[in-house]
Amino acid sequence: MKKILSILLASALTMSALAGCSGSGKNEEAPAEGESAGGSEEGGITVAAIETAYGSKMWEDVCAAFTEETGINVELITDKNLEDVIGPSMQGGDYPDVIHLATGREKALTETFIKDQNIVEITDVLSMTVPGESEKVGDKIAGGFTETSLTNPYGDGKTYLAPMFYSPCGLFYNAGLMEEKGWEVPATWDEMWELGDKAKAEGISLFTYPTTGYFDAFFYALMYSVGGPEFFDKATNYEEGIWDSEEAKTCFDIVVKLAGYTEPTTPSQANDQDFTKNQQLVLDNKALFMPNGTWIVGEMAEAPRADGFKWGMTALPAVKEGGDSYSYTWFEQAWIPGGAENQDDAKQFIAFLYSDKACELFAGAVNADGDPAPAIQPVLGIADTLEGDNQMFYSIYDNGAKAAMGNFAAYDSGVVGVSNREVWFDPVNSLVSGNMTEQEWIDGIKESNDQMRENMVQ
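Predicted model only: the values in this text are computed from it and were never measured. (Residues numbered from 1 in each chain as written. Predicted model: local features only at pLDDT ≥ 70, side-chain atom pairs only at ≥ 80, totals over all residues. Heavy atoms only, no water.)

Chemist: Describe in detail the side chain of His 100, supporting the description with residues and values.
Modeler: Locating His 100 in the fold gives a position in strand β5 (residues 98-100). You can call His 100 buried: its relative accessible area is 2%. Not counting residues up to four positions away in its chain, the partners in contact with His 100 are Ala 48, Ala 49, Ile 50, Trp 59, Leu 82, Met 164, Phe 165, Glu 332, Gln 333 and Ala 334. (Helix = DSSP H or I, 4+ residues; strand = E, 2+ residues; numbered from the N terminus. Buried < 20%, exposed > 50% of the residue type's maximum accessible area, 1.4 Å probe, protein only. Contact = heavy atoms within 4.5 Å.)

Chemist: Residues and numbers for the packing of helix α8 (residues 215-236) against helix α9 (residues 246-260), please.
Modeler: One can describe the packing of α8 onto α9 by two numbers: an axis separation of 10 Å at closest approach and a directional angle of 160°. It follows that α8 is roughly antiparallel to α9 by the angle criterion. Considering the relative orientation of α8 and α9, their crossing is right-handed. For the pair α8 and α9, contact is made by Phe 218, Phe 219, Leu 222, Met 223, Val 226, Gly 227 and Phe 231 and by Glu 247, Ala 248, Thr 250, Cys 251, Phe 252, Ile 254, Val 255 and Leu 258, respectively. Broken down by class, the residue content of the contact of α8 with α9 amounts to twelve nonpolar, two polar and one charged. (Axes fitted to C-alpha atoms, helices over the stretch in contact; angles between N-to-C directions. Parallel < 35°, antiparallel > 145°, perpendicular 65-115°, else oblique. Left-handed = near helix turned anticlockwise from the far one by under 90°. Nonpolar A, V, L, I, M, F, W, Y, C, P; charged D, E, K, R; others polar.)

Chemist: Summarise a negative patch on the surface; cite the residues concerned and give the values.
Modeler: Residues Glu 184, Asp 190, Glu 191, Glu 194, Asp 197 and Glu 321 make up a contiguous surface patch of negative charge. Accessibility expressed as a relative area gives 45% for Asp 197, which makes it partly exposed. (Patch = residues over 30% accessible without salt bridge, like charges linked within 9 Å, V, L, I, M, F, W, Y side chains within 5 Å. Areas by Shrake-Rupley, 256 points an atom, 1.4 Å probe, with all protein chains shown as cover. Salt bridge = Lys/Arg side-chain N within 4 Å of Asp/Glu carboxyl O. Lys, Arg positive; Asp, Glu negative; His and termini not counted. Charge placed at Lys NZ, Arg CZ, Asp CG, Glu CD.)

Chemist: I'd love a proper account of unusual backbone geometry, names of residues and values included.
Modeler: The phi torsion at Gln 117 lies on the positive side, around 55°, for a residue other than glycine. If you check the backbone angles, Asn 285 has positive phi at about 60° while not being a glycine. By secondary structure assignment, the location of Asn 285 is in the loop between α11 (275-283) and β8 (287-293). Classification of Asn 285 by relative accessible area gives buried; the value is 18%.

Chemist: Run through the packing of helix α2 (residues 57-70) against helix α14 (residues 356-363), naming residues and quoting values.
Modeler: For any two helices packed against each other, the geometry comes down to the angle between their axes and how far apart the axes lie. Packing of α2 against α14 leaves a shortest axis separation of 9 Å and a crossing angle of 165°. As summarised for this structure, α2 and α14 are arranged roughly antiparallel, according to the angle between their axes. Every pair of crossing elements has a handedness; the one defined by α2 and α14 is right-handed. Contacts between α2 and α14 pair Met 58, Trp 59, Asp 61, Val 62 and Ala 65 from the former with Lys 357, Ala 358, Leu 361 and Phe 362 from the latter.

Chemist: Just give me the short version of the pattern of salt bridges, but keep the residues and values in it.
Modeler: Overall, the coordinates contain 15 salt bridges when judged by the stated rule. Linking Lys 347 and Asp 124 is a salt bridge whose minimum nitrogen-to-oxygen distance equals 2.8 Å. Linking Lys 347 in helix α13 (residues 343-352) with Asp 124 in the loop between α4 (109-115) and α5 (137-140), this pair joins segments that are 223 residues apart in sequence. The exposure class of Lys 347 is buried, given its relative accessible area of 12%. Here the salt bridges share partners, and the residues they tie into one network are Glu 133, Lys 140 and Asp 356.

The following block contains the structure:
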């Protein structure tokens, strides 16, 4: 997951030029110093988008396609340091109409707008018809993406940020081995334990993990599958007493039981130098499943593997039969600032971002070096347009899995003195090795949870 973030936030040595696209698709020069970065002079809209590893050309193409479809002109602003470009104008009251800038960035501009309640509600966009199509926006977006605090930050059941460009995480395995043995991918944790016993009888461990850092996406998805978004939101905001709940006990019990099925050498190799040795356990058929992200294919591209090996990926099993299974995903956001002058047209633009045409242009993105850098929209059926392993990875939400999203709320780590990883995930090594009991792990979480709640960043 850290690799995904580093790719998305990659910067070049020089700042990109500001680009604009109008109905003719002609690029405009960047605003001169002191000029406004917002407010389209041609009566259309202004779109400001962060330039990441995907490059800026895809945005130029999407804006041109939007203008062609709707007749609404677009002035486009892209930059690797977007906050520095649009910030001064917004302080003067001149806002872009649409901003594509995710949470989690160092300057926290999006979080500031959320905190100030200065973001336009876009719940109505979900019921809008996608420009140029017959489907509604909400019917195209994959399940779960508009049911998270990353899009519904105020817990009022309303959507304020549009989900953009996602990368799924899950349990990766050798699909060739499963086929050879005639084993089914477990749909529930009970089935997972049964498979673990079958594999153990053949000298294969059920589970491994690269490092304990990979348990963040795993644990987030587990919390969702156990208690849904409500439990996840309470837990990640350190609600008092939340770790004494039945949902929390179920999460703890599953992780501890899974530790007993983990390949014994895993903890000694679960570090930044040797983590690929744990990943190799799956390629060598010494362990069945590991938590990881879509980057694993490239990361292990040159590694040896068992005959007949082929990648498989699944969401976390459901807690009980008929329950929900979840796959954690990273995604970005687009939103309309409260000061935007052309909010109706801005909503049309956001709706267009989920059109087949826009999805195609985003997926065909290339970076500054001309290499493919697909930006994948969280749209149902998107996997059908992809090739190879990506088609399998991105179909996970088409096959019944729901998307788990979000993370622990920020707190003053200088006061608390420990990180979320140190409290929740690093102890898994000790659980596997037998150097820590489940209760010791829980006691440490409950103690730190209180400190984190008291020192949350407001």
